[in-house]
Amino acid sequence: MANVYRMDCDRLERFMADVFRGVGVPPTDAKICARVLSMADRRGIDSHGVGRLKPIYYDRIVRDRIQKPVTNFEIVMDRKAAAVVDGHHGMGMVVGHRCMKMAIAKAKKYGMGMVVARNSTHYGIAGYYALMACDAGMIGLTGTNARPSIAPTFGVENMLGTNPLVFGFPTDEAFHFTNDYATSVTQRGKIEYYARIGKKMPPGWVINHKGRTETDPVKVLKDLVADTAALAPIGGIGEDGGGYKGYGYATVVEVLSAALQQGAFMRQLNGMENGRKVPYRLGHFFIAINIGFFTDVAAFRKTTGDILRQLRASRKAPGHKRIYTCGEKEYLAWLERKSRSDSLLPRGP
């Protein structure tokens with residue numbers, strides 16, 4: 001197993017901001033990018049934190065030159081509660097942050113706001129943007145397509161991205177509800193993490209072109225690139241475990257990430273063209289719902305909190321002492337990892 005080193009989260013975030021500035025990202029944008037990656041590490045989502053700084057961002061900007069450090073955020077269409085933007089292959093975290101800010105501003109005025117983006121890049125953990133809405137006292141939804149990774153049910157070719165579909169609800173508890181995960185059983189970042197620590201993957205996460213599962217993370221990463229293996233959707237391989245459900249939700253995210261903004265989709269997002277690397281042209285969507293247009297915000301928070309508390313208080317399975325609700329484990333990880341210098345525990349961005 002690889003050695004594990006611990007570093008203060010604040011120091012790590014400053015380091016990442018320095019790296020982003022060093023490759024040409026403007027200072028304000030660099031802070032946003034570093035904050036998104038740092039939030040992943042703080043919340044225990046190790047697959048999307050500092051481990052992705054070099055391969056996903058540094059290499060794509062400096063080595064491959066398929067991502068632009070300066071984000072040209074173009075508003076293509078803006079009509080009351082809706083907007084379409086073009087990220088022009090800039091920093092996905094900057095595109096995502098600005099899009100959700102727009103959605104929140106629209107929701108304050110119209111009750112709901114939706115902003116979709118095309119020609120963007122990897123935007124980090126999707127939960128960051130849902131939590132932005134929660135911190136504004138709103139419901140937040142977001143999703144993004146990604147390079148092909150998931151095979152459709154009864155298929156073996158990677159067609160859909162890991163395509164997270166994320167909801168965030170403010171509560172009266174110390175943490176918001178947020179279901180920050182992909183529509184595949186796992187995603188590349190977690191497989192990369194398993195490869196780093198030398199851990200074998202469970203069967204059923206990945207299917208190869210022969211219809212068999214693979215468990216060696218190093219081999220899987222190579223096979224995904226070689227297009228000889230694909231991730232299984234939530235529910236697993238085939239129909240017996242409900243894999244068609246994850247396949248369906250992944251398709252929903254693909255449509256919302258491409259059709260409204262007329263962006264690229266599925267195999268168009270593989271990052272290769274005529275044997276050379278090209279921008280990924282990802283699409284995202286962001287929705288903010290103003291709770292105050294429907295009911296009292298405090299009442300919503302309490303009802304949501306009551307639902308979560310009743311779930312956690314329900315009868316436990318033998319051998320299990322605790323039931324968790326979405327966002328709780330991330331909150332506990334944040335409590336464990338926050339630096340001693342933190343005077344307050346941030347609840348979101």
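Predicted model only: the values in this text are computed from it and were never measured. (Residues numbered from 1 in each chain as written. Predicted model: local features only at pLDDT ≥ 70, side-chain atom pairs only at ≥ 80, totals over all residues. Heavy atoms only, no water.)

Participant: Pulling in residues and values, what's your account of the environment of Met112?
Facilitator: Positionally, Met112 belongs in strand β3 (residues 112–120). As a C-alpha pair, Met112 and Phe293 span 181 residues in sequence and 8.8 Å in three-dimensional space. Ignoring any residue separated from it by four or fewer positions in sequence, one finds Met112 in contact with Ala81, Lys106, Ala107, Ala288 and Ile289. (Helix = DSSP H or I, 4+ residues; strand = E, 2+ residues; numbered from the N terminus. Contact = heavy atoms within 4.5 Å.)

Participant: A description of the packing of aromatic side chains should follow, citing residues and the corresponding values.
Facilitator: With the rule as written, the count across this model stands at eleven aromatic pairs. Ring geometry for Phe169 versus Phe300: centroids 6.5 Å apart, planes at 70°, classification edge-to-face. Separated by 131 residues along the polypeptide, Phe169 in strand β5 (residues 165–169) and Phe300 in helix α9 (residues 297–313) bring together distant segments of the chain. An aromatic cluster of three or more residues is present, and its members are Tyr123, Tyr128, Tyr129 and Phe286. The positively charged end of Lys329 is found above the aromatic ring belonging to Tyr324, 4.7 Å away from the centroid. (Phe/Tyr/Trp six-rings, centres within 6.5 Å; stacked < 30°, edge-to-face > 60°. Lys NZ or Arg CZ within 6 Å of the ring centre and 35° of its normal.)

Participant: Would you mind going over the pairing of strand β2 (residues 82–86) in detail, with residue names and values included?
Facilitator: Across a regular strand the side chains alternate sides, sitting on one face of the sheet and then on the other. Within β2, four of the five residues are buried, leaving the element largely enclosed by the surrounding structure. The turn joining strand β1 (residues 74–79) and β2, which pair antiparallel and follow one another in sequence, is formed by two residues; a positive phi near 50° is taken by Lys80. In this structure, β2 lies alongside β3, joined through five bridges in parallel fashion. Bridge pairing in β3 links Ala83 to Val115. In this fold, β2 hands off to helix α4 (residues 92–110), which returns the chain to β3; that crossover is right-handed. (Buried < 20%, exposed > 50% of the residue type's maximum accessible area, 1.4 Å probe, protein only. Pairing = 2+ DSSP bridges. Right-handed = clockwise from strand over helix to strand, strands pointing away.)

Participant: Residues and numbers for a nonpolar patch on the surface, please.
Facilitator: A grouping of Met112, Phe293 and Phe294 is seen on the molecular surface, where their side chains present a nonpolar patch of about 340 Å² in accessible area. As for its placement among the helices and strands, Phe294 is situated in the loop between β11 (282–290) and α9. (Patch = residues over 30% accessible without salt bridge, like charges linked within 9 Å, V, L, I, M, F, W, Y side chains within 5 Å. Areas by Shrake-Rupley, 256 points an atom, 1.4 Å probe, with all protein chains shown as cover. Salt bridge = Lys/Arg side-chain N within 4 Å of Asp/Glu carboxyl O.)

Participant: Can you break down the packing of helix α2 (residues 27–42) against α4 residue by residue, with the values?
Facilitator: Taken N-terminus to C-terminus, the directions of α2 and α4 make an angle of 95°; their axes are 9 Å apart at the nearest point. It follows from the interaxial angle that α2 and α4 lie roughly perpendicular. Residues Asp29, Ile32, Cys33 and Val36 of α2 pack against Met93, Val94 and His97 of α4. Within the contact of α2 with α4, the residues separate by chemical class into five nonpolar, one polar and one charged. (Axes fitted to C-alpha atoms, helices over the stretch in contact; angles between N-to-C directions. Parallel < 35°, antiparallel > 145°, perpendicular 65-115°, else oblique. Nonpolar A, V, L, I, M, F, W, Y, C, P; charged D, E, K, R; others polar.)

Participant: Which residues make up α2, and what values do they have?
Facilitator: Taking 1.5 Å of rise per residue, 16 residues should cover 22 Å, and α2 covers 22 Å from first to last C-alpha, within 8% of that figure. By the criterion of burial, α2 is predominantly enclosed, with 13 of the 16 residues buried. Positive backbone phi, approximately 80°, marks Gly44, located one or two places after α2. (Expected span 1.5 Å × (residues − 1).)

Participant: Outline the pairing of β3, supporting the account with residue identities and numerical values.
Facilitator: As defined by bridge partners, β3 adjoins β11 across seven bridges and the pair is classed as antiparallel. From the neighbouring strand, Ala117 faces β11, where its bridge partner is His284.

Participant: Lay out the nonpolar core in plain terms, naming residues and giving numbers.
Facilitator: Formed by 48 residues in total, the largest nonpolar core has its most connected members in Phe20, Met91, Met93, Cys99, Met100 and Tyr129. Examining the composition of this core, we find that nine residues originate from one element, α4, more than from any other. Once residues within four sequence positions are removed from consideration, Met100 is found in contact with Tyr129, Ala130, Met132, Ala133, Leu141, Phe286, Ile287 and Ala288. Of all hydrophobic cores here, the second largest spans twelve residues; its members include Tyr194, Met201, Leu224 and Ala229. (Core = buried A, V, L, I, M, F, W, Y, C linked by side-chain atoms within 4.5 Å.)

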